[in-house]
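The residues making up each chain are set out below.
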Amino acid sequence: MSSIGYYALYFNSGFNFADDGNYAQICYELLLGRDPNDLAIGYGILWFKVGEFLFRIFGVNYTLIKLLFFFCITVTNVLIFYTVAIATGSRMFAFLAAVLPVLVPAFPATSFYALCVMLNVAMQMRLAQNSSRLWHAALAGAALSFSFQIRPDFGYIFAVPLIVVIALVSCRSIEAKTHRCWRTFGLAAFTGFIAVQLIGFTAAFAGGYGDVFLHQFVDYPAMMAEYFVDGLHQLTATSASPGMIANDLLQRPSITDFFSDEPQLTQLALLIYLPVAVLVVFVSLNAFLILSSNHYSQRHGLAPAIVALSAAAATLPHYFFIVPTCHISQISCRAILYLLQCLPRNFIDMPSGACQTDFDLPESLRC
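Remember, it's a predicted structure, so these values are computed and weren't measured experimentally.

The rules behind each value
Residues numbered from 1 in each chain as written. Predicted model: local features only at pLDDT ≥ 70, side-chain atom pairs only at ≥ 80, totals over all residues. Heavy atoms only, no water. Disulfide = S-S within 2.5 Å. Buried < 20%, exposed > 50% of the residue type's maximum accessible area, 1.4 Å probe, protein only. Patch = residues over 30% accessible without salt bridge, like charges linked within 9 Å, V, L, I, M, F, W, Y side chains within 5 Å. Areas by Shrake-Rupley, 256 points an atom, 1.4 Å probe, with all protein chains shown as cover. Salt bridge = Lys/Arg side-chain N within 4 Å of Asp/Glu carboxyl O. Helix = DSSP H or I, 4+ residues; strand = E, 2+ residues; numbered from the N terminus. Expected span 1.5 Å × (residues − 1). Phe/Tyr/Trp six-rings, centres within 6.5 Å; stacked < 30°, edge-to-face > 60°. Lys NZ or Arg CZ within 6 Å of the ring centre and 35° of its normal.

Peer 1: Explain the state of the cysteines here, please?
Peer 2: Note on terminology: disulfide describes a covalent bond linking the sulfur atoms of two cysteines. Here the structure, examined in full by the defined rule, presents zero disulfides. Looking at Cys 72, it has no disulfide partner, and the nearest cysteine sulfur is the one in Cys 116, 8.4 Å off. Owing to a relative accessible area of 2%, Cys 116 belongs among the buried residues under this scheme.

Right under this line is the structure:
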């Protein structure tokens, strides 16, 4: 009910000149034929082209942008349910995982952050299961390619766990004597990646913004590194330093704020540092379980654990380094759930190739 009330107020909140309004304005400028190079496009060009497409089809309407954000939030929650269901085998746990982000509404303007994350996590988690097939690798590659066009930083981040998962799944296939080496799974993922990229490249060059498309691929790694260095610097700085990449990289709350007499400072410090603490516990616990035993389910629980860890690693900077007032609800609760979603699997013994579920999934979701 609180979520319904929140979004009801959001849809009637009027025009926001930042965030929502900025996105709507850029989409409108693109609709009018403005050169993307003349606009302050801070994310992947495809994200703004989606808004432009909606304006072109349905007409210019600010509420349409809000509906787009709400659609991203809805799809993200569905992906959370799916991912946790296949990772833990528990419908109840998956339901609770999907309900929590509903009860703690996401910041609408950045809802596509979580969508990109969960799209990659869902596809990679399915690939990490015992019964994965080559088309699962192709879907994982396609999801990664889509992320590159929406937010290139997520593309670069999730490329790493995808490579690791493909290697682990290939090793598992060799042990099971299915004769699928890493080249086979890698080729399937690469095919899915290239297929989606070709669509994006074709549309970009046909639309006259191919240079923007290419520059974002090249420029993002350096920008990510600069943000990371600036973010680390701000952990010890007393105020935002001049010449920062982003003016909203502010000093994090001190750990001593846990013991502050002001409840708001205590709550903010808890929300910011708790996911980091859970991250450390998760990594330590899984490393101990996997390395201390030759048990089949524990050894092969490494791939799902890496996928869950990558979800937290991908979302960590957005609430830890950026102003947390609007990113806490978007990231923190989900980060904890991502980290915990694979833990039950490390304690369950299942035969090779079995899907660990205590309920019947729809045919499209089955192993």
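Peer 1: Would you mind showing me how to read a nonpolar patch on the surface here?
Peer 2: A surface patch of nonpolar side chains, about 390 Å² in accessible area, is lined by Leu 187, Phe 190, Ile 194 and Leu 198. Relative to the assigned elements, Leu 198 resides in helix 9 (residues 182–207).

Peer 1: Got a minute to help me understand helix 6 (residues 111–127) in this structure?
Peer 2: The α-helix winds at 3.6 residues per turn, so residues separated by three or four positions along the chain end up facing the same way. For helix 6, which comprises 17 residues, the first-to-last C-alpha distance of 25 Å matches the rise-based estimate of 24 Å (1.5 Å per residue) to within 8%. Of all 17 residues that make up helix 6, 16 are buried, and the element is covered over most of its length.

Peer 1: Looking at this structure, I do not really get the environment of Pro 108. What am I missing?
Peer 2: Looking at the secondary structure, you find Pro 108 in the loop between helix 5 (91–103) and helix 6. What makes Pro 108 buried here is its relative accessible area of 2%. Taking C-alpha positions, Pro 108 is 8.5 Å from Cys 72, a pair spaced 36 residues apart along the chain.

Peer 1: Just checking my understanding: could you explain the packing of aromatic side chains for this structure?
Peer 2: For any pair of aromatic rings, the description rests on two quantities: the centre-to-centre distance and the angle between the ring planes. Throughout the structure, instances matching the rule amount to 17 aromatic pairs. Both rings, one in Tyr 23 and one in Phe 48, keep their centres 5.3 Å apart while their planes meet at 35°; by these two values the pair is tilted. Taken together, the positions of Tyr 23 in helix 2 (residues 20–31) and Phe 48 in helix 3 (residues 45–58) put the pair 25 residues apart, joining distant regions of the chain. For the pair Tyr 23 and Phe 48, one class covers both residues: buried. Ring geometry for Phe 148 and Tyr 156: centres 4.9 Å apart, planes at 75°, overall edge-to-face. The exposure class assigned to Phe 148 is buried, which follows from its relative accessible area of 7%. Ring pairs connect the aromatic residues Tyr 23, Tyr 43, Trp 47, Phe 48, Phe 69, Phe 112, Tyr 113 and Phe 154, which therefore count as one cluster. We note Arg 151 situated over the ring of Tyr 113; from NZ or CZ to the ring centre the distance is 4.5 Å.

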